[in-house]
Amino acid sequence: MKSVVVFGGTGFIGTHLAQHLLMRGLVETIFLVDLNPPRDLPYTQLLQSGLKDGKVVFVEHDVRKPVPSGLLPQKADIVFNLAAVHREPGHSPGEYFETNLLGAENVCAWASETECGTMVFISSISPYGPSEEKKTESSLPLPETPYGSSKLAAEKIHSSWQSAQEGRKLLVLRPGVVFGPGEGGNVTRLVRSLARGYFVYLGNRNVIKAAGYIKELCLVAMFGLDVLNRPDSSTLLLNFTIDPPPTMEQMVEAILKVIGKMRRPFSMPRSLLLGLSYPLLVVERTFGVKMPINPVRVRKLFRSNNVWPEKLKCLGYKYSYTLESALEDWKKDVPQDFS
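The written sequence of each chain sets the order in which its residues are numbered from 1. Local features in a predicted model are, by the rule used here, given only for residues with pLDDT of at least 70; side-chain atom pairs are given and counted only at 80 or more, and totals for whole chains, interfaces and linings are based on all residues. Heavy atoms from the whole structure form the basis of all side-chain values; hydrogens and water molecules are not counted.

**Re the pairing of strand β2 (residues 29-34)**
Rules: Each residue is placed in one exposure class: buried if its accessible area under a 1.4 Å probe, protein chains only, is under 20% of its type's maximum, exposed if it is over 50%, and partly exposed if it falls in between. Comment: elements are numbered from the N terminus, with helices defined as DSSP H or I runs of at least four residues and strands as E runs of at least two. Here the rule is simple: two strands pair whenever DSSP picks up at least two bridges between them. With the strands pointing away from the viewer, any crossover whose connection runs clockwise from the first strand over the helix to the second is right-handed.
β2 sits mainly inside the fold: five of its six residues count as buried. As defined by bridge partners, strand β1 (residues 3-7) adjoins β2 across five bridges and the pair is classed as parallel. Paired with Val6 across the strands is Leu32, a residue of β2. Handedness of the β-α-β unit built from β1, helix α1 (residues 12-23) and β2 comes out right-handed. Of the crossover connections in this fold, the one passing from β2 over helix α2 (residues 45-53) to the parallel strand β3 (residues 56-60) is right-handed.

What follows is the structure, given as structure tokens:
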């Protein structure tokens, strides 16, 4: 590949994707389109070197606005669209649609005007909605949140781009919770709470949490593109999670093993934490102070995301990381996350 354009390219997933492409020598030039330049982190040496020697080019742009003519190359071998507002809770309903829908429309409009024949859209498992029942790529999406609804609508926008012209190819990835160096979200908080000894179960040991390692996601994206290169393939939808998706207890046990602490966390009634979350929500809304406990986050702790990577299995994909080896690899890159 000569050139790749990554919208939302300096966030968690985009940073690792750029590192992956550079490490494997898969591309000559990567254009990272985002609001802020990439951060200089210990595990992004290749990316930082690429910025210095011109292999990586940062382009400042807000995807909620049309892409100006001349801002990006007129030809890109592959376009990745990762740009999204995704944290739940944390945004008003309108913000999810404003970024995720306008972003999809503007990226696809730009791709239509240039010589781009292949696009990868990073969606989410949120369009399925939480469920104890097993969900696969053939399951009917039933989103329950503005984020999930906006992601499903964005998928349709990308599908319209693909079908508008013969020869275009589209890969849609629906990842579960993606974890690894730089994630800074729920899994990072889980790891740190276990390392520091204040984690407790909330009646959710058997809750299934579809999750996958960031470096495995990059490998899956390349695998999906290889499948798309087959003559009879033009669109591909892939769920991405560890196979099978782990329970909360399995994640906790794997993290404790990697940390080197074999303790048995206590359990707390869910009603206690949920009851505590509502007064804190009032404080947050009244004084504008961010609270660590929120009713939406608490409810998410008790609801499974039982999503399986069925199509990856059918296509013969071989995983490079287990849950434990993924955590070990993360610890090697950022040991302070495990202390």
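Okay, back to it.
**A few points about the nonpolar core**
Nonpolar side chains in soluble globular proteins tend to end up buried together. Applicable threshold: Among buried residues, the Ala, Val, Leu, Ile, Met, Phe, Trp, Tyr and Cys ones that are joined through side-chain atoms within 4.5 Å form a nonpolar core.
Counting 62 residues, the largest nonpolar core has Phe80, Leu173, Phe179, Leu327 and Trp330 as its most contacted members. The dominant element in this core, judged by the number of residues it contributes, is helix α6 (residues 214-228), at eleven residues. Core analysis: the second largest hydrophobic core is formed by 25 residues, Phe7, Leu72, Val107 and Ile157 among them.

**Details of helix α4 (residues 146-163)**
Basically, it comes down to this: Helices are assigned an expected span. That span is 1.5 Å times one less than the residue count. In this description, contact between two residues means that some pair of their heavy atoms is separated by no more than 4.5 Å.
Taking 1.5 Å per residue, 18 residues should reach 26 Å; α4 reaches 26 Å between its end C-alpha atoms and fits that length. Looking at the packing, one finds that the buried side of α4 touches β4 (78-81), α3 (93-113), β5 (118-122), β7 (169-175) and β10 (235-240).

**Description of the packing of aromatic side chains**
Basically, it comes down to this: Whether two aromatic rings pair depends on their centres lying within 6.5 Å, for rings of Phe, Tyr and Trp, where Trp uses its six-membered ring; planes under 30 degrees apart make the pair stacked, over 60 edge-to-face, and the rest tilted. Definition used: whenever NZ (Lys) or CZ (Arg) falls within 6 Å of the ring centre and also within 35 degrees of the ring normal, the charge is taken to sit over that ring.
Considering all chains together, one arrives at nine aromatic pairs under this definition. With a centroid separation of 5.7 Å and 70° between ring planes, the pair formed by Phe7 and Trp110 is classed as edge-to-face. Within this pair, whereas Phe7 is found in strand β1, its partner Trp110 is found in helix α3, the two being separated by 103 residues in sequence. Per residue, the accessibility class of Phe7 equals that of Trp110, and both read buried. A ring pair is formed by Tyr317 and Tyr319, whose centres lie 5.2 Å apart and whose planes are at 75°; its orientation type is edge-to-face. Under the relative-accessibility criterion, Tyr317 is labelled buried at 11%. Chaining the aromatic ring pairs together yields one cluster made of Phe179, Tyr213, Tyr321, Trp330 and Phe338. Over the aromatic face of Trp308 sits the side chain of Lys134, whose NZ or CZ is 4.5 Å from the ring centroid.

**Here's the deal with the pairing of β10**
Across the six residues of β10, five count as buried, placing the element largely inside the fold. Summarising the sheet, β7 and β10 pair through six bridges and their orientation is parallel. Paired with Val172 across the strands is Leu237, a residue of β10.

**A word on the sheet that holds β4**
Note: strands within a sheet are paired through backbone hydrogen bonds, in either parallel or antiparallel orientation. Filter applied, for reference: For every element, the axis is a line fit to its C-alpha atoms; helices are fit only across the contacting stretch, and the angle between N-to-C directions ranges from 0 to 180 degrees.
Taken in spatial order, the seven strands make up an open sheet running β3-β2-β1-β4-β5-β7-β10, and their pairing is parallel. The sheet is open, and its two edges are formed by β3 and β10, each paired on a single side. Strand-to-strand twist of the sheet, defined as the mean angle between neighbouring strand axes without regard to direction, takes the value 15°. Relative to β4, β1 runs parallel, the two being bridged by four bridges. Bridge pairing in β4 links Phe7 to Asn81. Sheet contacts for α1: β1, β2, β3, β4 and β5; angle to β2, the most-contacted strand, approximately 175°.

**Quick notes on the state of the cysteines**
Put simply, the rule is: Any two cysteine sulfur atoms lying within 2.5 Å of each other are counted as a disulfide.
Overall, the coordinates contain zero disulfides when judged by the stated rule. Among the cysteines around Cys116, which has no disulfide bond, Cys108 carries the closest sulfur, lying 9.1 Å off. The class of Cys116 is buried, set by a relative accessible area of 6%.

Treat this as a map of the structure, not an account of what it does.
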